[in-house]
Amino acid sequence: MPARLARTLILAAVFTCAACGLVYELALVALGSYLVGNSVTQASIVLSVMVFAMGVGSLAAKPLQGRAVVAFAVVEGVLALIGGVSVLALYAAFAWLDLYVPALVVVAFAVGALIGAEIPLLMTLLQRIRRQDAGSAVADLFAADYVGALVGGLAFPFLLLPAFGHIKGALLVGVVNAVAGMAVVLWLFRRDVGRVARAALGLGMVAVLAVLGGTYALADGFEVSARQALYSDPIAISKRTKYQEIVITRQAGLGPSDLRLFLNGDLQFSSVDEYRYHESLVHPVMAGPHGRVLVLGGGDGLALREVLRYKDVRSATLVELDPEMLHLARTYRPIVSLNHRSFEDPRVRTVAADAFSWLRGLREQFDAVIVDMPDPDDVSTAKLYSVEFYGMVKRVLAPGGRMVVQSGSPYFAPKSFWSIEKSIAAAGFGVRPYHVDVPSFGDWGFVLAAAGERPPALRLAPGVPGGLRFLDGSVLQAAAVFPKDRRSRDVEVNTLVHPRLVEYEGEEWKNS
């Protein structure tokens, strides 16, 4: 084979292996973000461990350069196997063993060390085909490596994840890695390898492909079992959208049926006691002007149900990031039954958009704003609890308007709760924090706010239509009282450039 063609094939192998390596890296970061939250921490752990391990792998490969062909084939086979099953193994560690972070460090180190060992061995193979000065060889090698990383980085979010999902996507990349790394190099340098070694490596590649292929065939069943292990009740619906994982569980027994909604593993409501949460969230803010109501989040329609009980509400706009959540709230009968078909009310307008971006260009004004967002356990959600976000809400509030924010638990996450309260105040609101008992959540808190320095009155509108199951004047009076060990504490506000809530949530919920 001409030297130019042989070098091209080697560089093609470099390109492919680099793409596969970056996919493994991104898969580990994304999995941690979905399972644990706090994408900044997950990315920092994976990237720092992998880069360190790449240095270790490069040094470890120095003694192997004398048998570079065999060593590279073995490295690629092991990398394809470990990288391919990495997502599945970590999911299992999270679901059954509660050892996710230690397992993540071990897997990231192993994958990084094997990726680091590739470069010295590939450099040796390139030089065997045709000697050239070190600078030119390094330039060729790293050009192919970096371009491959670009392709892998783009393929993961736009092709592999939507089409195959986390587990199957990683397994497919492992197959590509094994073929590109082992087969191509063994074919090009087959004369440099003894018959026995060639046969052993060939059988090894077949074994790696068999393991990856067999695991791919069993992946769906494994994912169902692992996901069910995370939830105490049977899973009725499980959907992975481009924004989140939606899981709905249903328990039917001797007691009342319990329907539960989880987003990325976090409980959003239980049908047994959701009325406590949603009455406490909505009705205090409706004691003020409420002709035009804006609901940010709350795609299940349960907060909207409470808003629409007021006949003098002229319009209600609901902004939800995930269109699939809106679809389920409109079509899945158990949720439709809970929200009383609230989306069919002619006063309702729904917008599928990111609330932060949507508010920036908004020119409307509203009398009442209800912020019912997921807990701020990631940078993407922490921005929805920032001073800047509340400043945009203040801009769209009509004179005399009020806002309420679900603010997490003052018992399980007091630093986060009081940081939200201080952030709202820093945006120019008078604030009134309160908390109630929601058995499925525990003690849960809210912040009622109005523009200006004066805290708004915590009360109910006279004659709430239909009456309330939980909330009344005495409950609200008690809700404004915090025990001595749960009162306001000295915490920092949350801003876009200094997202404090991610740190608070991760630390406090883990300890609780």
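Calculation criteria
- Residues numbered from 1 in each chain as written.
- Predicted model: local features only at pLDDT ≥ 70, side-chain atom pairs only at ≥ 80, totals over all residues.
- Heavy atoms only, no water.
- Helix = DSSP H or I, 4+ residues; strand = E, 2+ residues; numbered from the N terminus.
- Buried < 20%, exposed > 50% of the residue type's maximum accessible area, 1.4 Å probe, protein only.
- Contact = heavy atoms within 4.5 Å.
- Areas by Shrake-Rupley, 256 points an atom, 1.4 Å probe, with all protein chains shown as cover.
- Lys, Arg positive; Asp, Glu negative; His and termini not counted.
- Charge placed at Lys NZ, Arg CZ, Asp CG, Glu CD.
- UniProt positions renumbered as here; feature names shortened; annotations may be inferred.
- Polar contact = N/O pair within 3.5 Å; in protein donor to acceptor, adjacent residues only side chain to side chain.

1. Concerning the overall build of the protein
And then number 1: Helices and strands together make up the secondary structure of the protein, namely 16 helices and 11 strands.
And then number 2: Dimensions along the principal axes, computed over C-alpha positions, put the protein at roughly 90 × 50 × 45 Å.
And then number 3: The buried share of the protein, taken over its 512 residues, is 54%.
And then number 4: Taking all contacts inside the protein whose residues are at least 6 apart in sequence as the whole, residues at least 24 apart take part in 73%.
And then number 5: A total of about 22,100 Å² of accessible surface is found on the protein, and carbon and sulfur atoms cover 60% of it.
And then number 6: Charged side chains in the protein number 47 positive and 45 negative. The centres of these two groups are separated by 5 Å.

2. Here we look at the UniProt feature "binding site: spermidine" (unreviewed entry) in the protein
And then number 1: Look at the UniProt record and you will see "binding site: spermidine" (unreviewed entry) annotated at His278 and Asp300. Across 23 residues in sequence, these annotated residues keep their C-alpha atoms within 11.3 Å of one another, forming a single compact spot.
And then number 2: Within the secondary structure, histidine 278 is located in helix H7 (residues 274-282).
And then number 3: A relative accessible area of 1% places histidine 278 in the buried class.
And then number 4: Excluding residues within four positions of it along the chain, histidine 278 makes contact with Phe269, Asp300, Leu302, Ala303, Arg305, Glu306 and Asp372.

3. Observations concerning the UniProt feature "active site" (unreviewed entry) in the protein
And then number 1: This chain's UniProt record puts "active site" (unreviewed entry) on Asp372.
And then number 2: Of note, aspartate 372 is situated in strand E8 (residues 366-372).
And then number 3: On the basis of relative accessible area, aspartate 372 is assigned to the buried category, the value being 10%.
And then number 4: What aspartate 372 contacts, discounting residues up to four positions off in sequence, is Tyr277, His278, Leu281, Leu296, Gly297, Gly298, Ala303 and Gln406.
And then number 5: Only 2.6 Å separates the side chain of aspartate 372 from the side chain of tyrosine 277, close enough to count as a polar contact.

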